[in-house]
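# Reading the structure
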Amino acid sequence: MRRFYGTITTTLKDPLKAVYPSTAAQLNGNQITGVKVPAVQDGTFANANIAMAEDITTNAAFKNKTVLFVITPPDGTGFIRV
């Protein structure tokens, strides 16, 4: 498993939240209230892997907020991959 490290310095007093990718953050003003999942995706893990870290004080532990699964239609169903 790859781990990425970075540093954020802030003068805020409350714990922080973070969403990856940032485009998946559901916002109310500047406050992260949850995650949004695009209705249409290209099928790649990179677009479907949405994670959130909450109550960040010193370290951020991101947890996946989506479930990934594959649906394979049976032969002869006329499924066309695009």
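Located above this text is the structure these notes cover.
If you're wondering where the values come from, they're calculated on a predicted model, not measured in any experiment.

The rules behind the values
- Residues numbered from 1 in each chain as written.
- Predicted model: local features only at pLDDT ≥ 70, side-chain atom pairs only at ≥ 80, totals over all residues.
- Heavy atoms only, no water.
- Helix = DSSP H or I, 4+ residues; strand = E, 2+ residues; numbered from the N terminus.
- Rg over C-alpha atoms; globule rule 2.2 N^0.38 Å.
- Buried < 20%, exposed > 50% of the residue type's maximum accessible area, 1.4 Å probe, protein only.
- Contact = heavy atoms within 4.5 Å.
- Areas by Shrake-Rupley, 256 points an atom, 1.4 Å probe, with all protein chains shown as cover.
- Lys, Arg positive; Asp, Glu negative; His and termini not counted.
- Charge placed at Lys NZ, Arg CZ, Asp CG, Glu CD.
- Pairing = 2+ DSSP bridges.

### Remarks on the overall build of the protein chain
- Of regular secondary structure, the protein chain possesses one helix and five strands.
- Listing the helices and strands of the protein chain from first to last along the sequence gives β-β-β-α-β-β.
- Its C-alpha atoms give the protein chain a radius of gyration of 17 Å, clearly above 12 Å, the size a compact globule of 82 residues would have.
- Here the protein chain holds 82 residues, and 16% of them are scored as buried.
- In the protein chain, of all internal contacts separated by at least 6 residues, the share reaching a separation of at least 24 is 36%.
- By element, 54% of the accessible surface of the protein chain is carried by carbon and sulfur atoms, the whole surface being about 7,600 Å².
- Placing the 8 positive and 5 negative side-chain charges of the protein chain at their respective mean positions leaves the two points 6 Å apart.

### Considerations on the pairing of strand S3 (residues 31–35)
- Bridging between strand S2 (residues 25–28) and S3 involves four bridges; their strand directions are antiparallel. From the neighbouring strand, glutamine 26 faces S3, where its bridge partner is glycine 34.
- With antiparallel pairing between neighbouring strands as the criterion, S2 and S3 make up a hairpin whose turn holds two residues, including glycine 29 at a positive phi of roughly 70 degrees.

### Observations concerning the sheet that holds strand S1 (residues 16–20)
- If you walk across this open sheet you meet the three strands as S1-S4-S5, and the pairing is antiparallel. Only two strands of the sheet have a single partner each, and these edge strands are S1 and strand S5 (63–64).
- Here S1 pairs with strand S4 (residues 51–56) via four bridges, running antiparallel. Bridged to tyrosine 20 within S4 is alanine 51.

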